Amino acid sequence: MKASVSAANPNALSGVQLYPASVSKVVHFIRHGEAWSNVAGQKDHAQYANEKWFDASLSHNGWRQAEALGRHIRDSGIRPQLVVVSPLTRALQTAAAAFGTGVWEEGGASANGVQPPLMRAREDIEGLQVAHAAISAQGAPPFLAHELCREHLGVHPCDRRRAVSHYREQFPAVDFSLIETEEDSWWVPDVRESKEDIRARGARFLAWLAARPEGEIAVVSHSSFLHFTLSNAVQAAAVHSEPVVAELTRWFENCELRTLVVADPGASAVHTRTTNFAGGTQALALAEAQATDWVVAERAAMQLGMGTHSQQGVGAERDEHEG
């Protein structure tokens, strides 16, 4: 595909933008797997107002979707430095299934004070909760719950969260320190959050993401929040490319993952996270330091009777030819 060229300035590429890596990051936006509220709501939308689906858990299909997503993440080489997750059960379960590291066993290495489980084992409750083994966080990225990426607030009980103490007990390896109140003070039973308010909340969340020091982050959230947040970003950036607009604005399927680049070119400070190399006098100083380190290593090797690094290399090469 050819890049478009500005008629006013034929040497300029229209729409192509360059930003330092230090003010941008890769973000994997993910919608949670199918929940029991989705199963009921797809048959009858009025079911979303049913108290039965308060903070709904993943369905059987939802767990299968989340585990399939986890395999895709591993196969694709996705390695986020942080997983940000909505503090609702279906999102927490999806994050655990996708980024957890297998079954957590009582009495195992991770049970002996090294790492608590990411998610505790769950018993089967017909039509409400699927039985599942405890999930390990050993070797997984850190998990951080954030209220800003919650689903559309109000009216629907499935979007009301439980007490933070409940989540801390069920998801011990997740950091809930950003949740300011024990009980849900955001959700109200008779007023649905406006689209304008969701967009404003999404803008605050994107600004928070952009200010994080990590270069790669995963966000596990919800369909309405993701749709209005990304659509608002498209409008604010005046994006006109139809394929790009479609990629950013179409509705997320359950457990869908889309990888985007989040950049803040107006940032007042840049992160130290960068692969830049200063060059110039700093490059010379580094070369001198490396040479000094090499001499010290050579002397230490001689004192230990190991021979020099260069001698070891020659010997290894000779042995290889003789073998």
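See the structure shown above.
A short tour of the structure in this document, coming up. (Residues numbered from 1 in each chain as written. Predicted model: local features only at pLDDT ≥ 70, side-chain atom pairs only at ≥ 80, totals over all residues. Heavy atoms only, no water.)

### Some points on the overall build of the chain
Each helix and strand in the chain was counted, giving nine helices and six strands. A buried classification covers 43% of the 323 residues belonging to the chain. Excluding contacts between residues fewer than 6 apart, the proportion of contacts in the chain whose partners are at least 24 apart in sequence is 75%. Carbon together with sulfur atoms contributes 54% to the accessible area of the chain, which is approximately 17600 Å² in total. (Helix = DSSP H or I, 4+ residues; strand = E, 2+ residues; numbered from the N terminus. Buried < 20%, exposed > 50% of the residue type's maximum accessible area, 1.4 Å probe, protein only. Contact = heavy atoms within 4.5 Å. Areas by Shrake-Rupley, 256 points an atom, 1.4 Å probe, with all protein chains shown as cover.)

### With respect to the pattern of salt bridges
The final tally for this structure, using the stated rule, is 13 salt bridges. One salt bridge connects R162 with D55, and the closest N-O pair in it is separated by 2.8 Å. Of this pair, R162 sits in the loop between β3 (143-145) and α4 (164-170) while D55 sits in the loop between α1 (36-43) and α2 (60-76); the two residues are 107 residues apart in sequence, bridging distant segments of the chain. On the basis of relative accessibility, which here comes to 27%, the residue R162 falls in the partly exposed class. Accessibility expressed as a relative area gives 1% for D55, which makes it buried. In this structure, R150 and D184 form a salt bridge, with 2.7 Å as the shortest nitrogen-oxygen distance. Of the two residues, R150 is situated in the loop between β3 and α4 and D184 in the loop between β4 (174-175) and α5 (195-211); the sequence distance between them amounts to 34 residues. The pair formed by R150 and D184 is uniform in burial state, with each residue classed as buried. Connected through shared salt-bridge partners, E147, R150, R161 and D184 make up one network. (Salt bridge = Lys/Arg side-chain N within 4 Å of Asp/Glu carboxyl O.)

### Quick look at the packing of helix α6 (residues 223-237) against helix α7 (residues 242-249)
Here α6 crosses α7 at 155°, and the two axes come no closer than 8 Å. Classified by the interaxial angle, the pair formed by α6 and α7 is roughly antiparallel. In this structure, α6 contributes H227, L230, S231 and V234 to the contact, and α7 contributes V245, L248 and T249. (Axes fitted to C-alpha atoms, helices over the stretch in contact; angles between N-to-C directions. Parallel < 35°, antiparallel > 145°, perpendicular 65-115°, else oblique.)

### Digging into the environment of P142
Mapped onto the fold, P142 is located in the loop between α3 (89-99) and β3. Residue P142 is classed as partly exposed on the basis of its relative accessible area of 46%. Distance from P142 to F99, taken between C-alpha atoms, is 9.8 Å for residues 43 residues apart in sequence. Not counting residues up to four positions away in its chain, the partners in contact with P142 are Q81, L82 and V83.

### A word on α6
Its 15 residues place the ends of α6 21 Å apart at the C-alpha level, agreeing with the 21 Å of an ideal helix rising 1.5 Å per residue. Every buried residue belonging to α6 is among S223, S224, F225, L226, H227, F228, T229, L230, S231 and V234, and all of these are buried. Remark: A238 follows α6 within two positions and exhibits a positive phi of approximately 55°. (Expected span 1.5 Å × (residues − 1).)

### Observations regarding the sheet that holds strand β2 (residues 82-85)
Across the sheet, six strands lie side by side as β4-β3-β2-β5-β1-β6; this open sheet has mixed pairing. Two strands bound the open sheet, and with one partner strand each, they are β4 and β6 (257-263). Here two bridges tie β3 to β4, and the two strands are oriented parallel to one another. Its bridge partner being in β4, L144 is matched across the sheet by D175. (Pairing = 2+ DSSP bridges.)

### Some details on the pairing of β2
Of the two faces of β2, the one holding L82 and V84 and the one holding V83 and V85 are both buried throughout. In terms of strand pairing, β2 meets strand β5 (residues 216-221) through four bridges, oriented parallel. Directly across from V83, in β5, lies its bridge partner A218. Relative to β3, β2 is paired through three bridges, and the arrangement is parallel. Paired with V83 across the bridge in β3 is F143.

### A word on the side chain of R90
On the secondary structure map, R90 appears in helix α3. Judged by its relative accessible area of 2%, R90 is buried. Separated by 3.3 Å, the side chains of R90 and H32 make a polar contact. Excluding residues that lie within four positions of it along the chain, R90 makes contacts with H32, A35, A56, L58, E151, C158, D159 and H222. (Polar contact = N/O pair within 3.5 Å; in protein donor to acceptor, adjacent residues only side chain to side chain.)

### Observations concerning the packing of aromatic side chains
Applying the stated criterion across every chain, the model contains three aromatic pairs. Ring geometry for F205 versus F225: centroids 5.8 Å apart, planes at 75°, classification edge-to-face. Here F205, found in helix α5, pairs with F225, found in helix α6; they are 20 residues apart in sequence, far enough to count as distant. Aromatic ring contacts, followed pair by pair, group F205, W208 and F225 into a single cluster. (Phe/Tyr/Trp six-rings, centres within 6.5 Å; stacked < 30°, edge-to-face > 60°.)

### Observations regarding the nonpolar core
Residues V85, F99, L118, F143, V174, F176 and V220 are the most contacted members of the largest nonpolar core, which totals 41 residues. Only α1, α2, β2, α3, β3, α4 and β5 provide two or more residues apiece to this core. Ranked by residue count, the leading element in this core is α3, at seven residues. The contact partners of L118, leaving out residues within four places of it in the chain, are A96, G100, I135, S136, A137, F143, Q170, F171, P172, A173 and V174. (Core = buried A, V, L, I, M, F, W, Y, C linked by side-chain atoms within 4.5 Å.)

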